[in-house]
Amino acid sequence: MKVTVFGIGYVGLVQAAVLAEVGHDVICIDVDADKVERLKQGQMPIYEPGIEPLVKENYAAGRLSFSTDAVAGVKHGEVQFIAVGTPPDEDGSADLKYVLAVATTIAQNMDRHKIIINKSTVPVSTGDKVNAEVHDVLTKRNRVDLTFDVVSNPEFLKEGSAVADCMKPDRIIIGTDSKNAEDTMRELYAPFNRNHEKIIVMDVRSAELTKYAANCMLATKISFMNEMANLAELLGADIEAVRHGIGSDPRIGYQFIYPGVGYGGSCFPKDVQALIQTAEKINFDSKVLKAVEARNNEQKTTLFKKIHAHFDGNLKGKTFAVWGLSFKPNTDDMREAPSRILMEALWAAGAKVQAFDPEAMNETQRIYGNRDDLLLCGTKEAALKGADALAIVTEWQAFRAPDFEVVKNMLSEAVIFDGRNMYDPVRMQKKEINYYSVGRVNRQ
């Protein structure tokens, strides 16, 4: 099938590459000419395991192309994906200007039936707005004879495993009332629907809400577990034992119940805020979602509070090693990352940061530029040199089994603030390391 994808961001690029991989003819359209040229040269705009070879191979094979020519994009695809950003507005609601701009472009240039697919995460009723926008533009063109369908097809990708998630999806949600659109979507996704039926068809609004409900449920599990961790710490319990105890219940499971320093990234924070705003617009008070967001915002300050208490508030002139800058492992994404809250709090207190991350160093440099109080180090060991303490913010594999004798020798004081509970407190005590974690009693 001929497919057009508007927006070469995280979702658009992964979806386009995977569709090309199974044989579809895909063109990606973006307004960023520099990004388009870099992709043609094989340079990825994001770090995501597996994406680079997938893009390069399909580009070389001619199944995947990149362009800034929106008119050509509209003419190319019978299927038109909208995968542009929906950044939070000032009140936290999703800003649809880019989505509607693409809808306008499609309507201005279409000359035959089109299936317009909302892949971006959008509020409930966005399908109606896209439908109205396309209809209005066609009316102005005196081309109401042209037909189209608007479909909601939300993505459920996890950063760090997006390619695998796209190649082997758990489910494929299709929101449409059109039998023609449903049949086309089934044909498009047939290569991913072979082992068992993964396609779930529903109305557009239900599909739009499904995406928000899924992310908000996962965010709720994280915030709930962090609340339990804070309780465990005050009650003298071990949250890791509690996690095993409740995770063994199949109704709960082990996924998304790891205590830590809060969720970040481009999805959970934005989607929780957006659904809260959607609820408020219809005069519904979303008490649970507000509590989820409040707990998460508070949780991101956890490490700084422990550091502040340990040093009796005297942080000025001290230096802290920070391991992990991305909001989660296997990505360079620092949007809403807990590391940013920690570093900015340390700087405000007069401290310096020596940081290392396997992938997010360039992104950190882009965000903060050159600062006297930030040193980006080439290795995790280099970040330790002369630091007063180590703070672990992201649970990269490279941090799971360090040489603790090296850690002790390189730090001015043998103290670790672990925001991801990566180490055994008893083992740390035996190694004479003052160890702070989340939801467990401090051992020193």
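Residues numbered from 1 in each chain as written. Predicted model: local features only at pLDDT ≥ 70, side-chain atom pairs only at ≥ 80, totals over all residues. Heavy atoms only, no water.

Asks: Whenever I open this one, helix H6 (residues 126-140) confuses me. Can you help?
Replies: Count 3.6 residues to each turn of an α-helix, and residues three or four apart come out pointing the same way. Spanning 15 residues, H6 covers 21 Å between terminal C-alpha atoms, matching the ideal 21 Å at 1.5 Å per step. Taken together, the buried positions of H6 are occupied by Thr126, Gly127, Val130, Val134, Val137 and Leu138. Along the axis of H6, the buried residues cluster in a sector spanning 110 degrees; they form a single face. Next to the buried residues of H6 lie helix H5 (97-109), strand E5 (114-118), strand E6 (148-152) and helix H9 (204-235). (Helix = DSSP H or I, 4+ residues; strand = E, 2+ residues; numbered from the N terminus. Expected span 1.5 Å × (residues − 1). Buried < 20%, exposed > 50% of the residue type's maximum accessible area, 1.4 Å probe, protein only. Arc of directions from axis to C-beta. Contact = heavy atoms within 4.5 Å.)

Asks: Honestly, the environment of Met361 in this entry has me stumped. Any pointers?
Replies: Structurally, Met361 can be placed in helix H15 (residues 361-368). Note on Met361: relative accessible area 16%, which makes it buried. C-alpha separation for the pair Met361 and Gly324, spaced 37 residues apart in sequence, amounts to 9.5 Å. Discounting chain neighbours no more than four positions away, the residues touching Met361 are Leu325, Ala355, Phe356, Leu376 and Cys377.

Asks: Even after reading the chapter, I still don't get the pairing of strand E12 (residues 389-392), so can you show me in this structure?
Replies: Each regular strand displays side chains that alternate between the two surfaces of the sheet. Side chains Ala389 and Ala391 project from E12 onto one buried face, and the interleaved Leu390 and Ile392 project onto a second face that is buried too. Where strand E9 (residues 319-323) meets E12, 4 bridges bridge the pair, whose relative direction is parallel. The residue of E12 that forms the bridge with Trp323 is Ile392. Examined bridge by bridge, E12 and strand E13 (residues 415-418) share 3 bridges and lie parallel to one another. Residue pairing for E13: Ile392 is matched across the bridge by Asp418. Once you follow E12 into helix H17 (residues 404-410) and on to E13, the crossover reads as right-handed. (Pairing = 2+ DSSP bridges. Right-handed = clockwise from strand over helix to strand, strands pointing away.)

Asks: Explain the pattern of salt bridges to me, please; I cannot follow it from the model alone.
Replies: Note on pairing: side chains with opposite charge can pair once their charged atoms come close. Overall, the coordinates contain 29 salt bridges when judged by the stated rule. The residue Asp183 makes a salt bridge to Lys179 at a minimum N-O spacing of 2.7 Å. Note that Asp183 and Lys179 are positioned in helix H8 (residues 179-189) at a spacing of 4 residues, about one turn of the helix. (Salt bridge = Lys/Arg side-chain N within 4 Å of Asp/Glu carboxyl O.)

Asks: What am I meant to see in the sheet that holds strand E14 (residues 434-436) here?
Replies: In sheet architecture, strand pairing relies on hydrogen bonds along the backbone and comes in two forms, parallel and antiparallel. Judged by pairing direction, the sheet is parallel, and its 6 strands sit side by side in the order E11-E10-E9-E12-E13-E14 without closing on themselves. Bordering the open sheet on either side are strand E11 (374-376) and E14, each of which pairs with just one other strand. Sheet twist, expressed as the average angle between the axes of neighbouring strands with direction ignored, equals 20 degrees. Each of E9, E12, E13 and E14 touches helix H13 (residues 302-310); the most contacted strand, E13, lies at about 155 degrees to it. Sheet strands in contact with H15 are strand E10 (352-356) and E11, and its direction is about 155 degrees off that of E11. (Axes fitted to C-alpha atoms, helices over the stretch in contact; angles between N-to-C directions.)

Asks: Would you take a moment to explain the environment of Pro123 for this structure?
Replies: Tracing the sequence through the fold places Pro123 in the loop between E5 and H6. Under the relative-accessibility criterion, Pro123 is labelled buried at 13%. If near-sequence neighbours (up to four positions away) are discounted, Pro123 is found in contact with Ala94, Leu96, Glu208, Tyr212 and Thr278.

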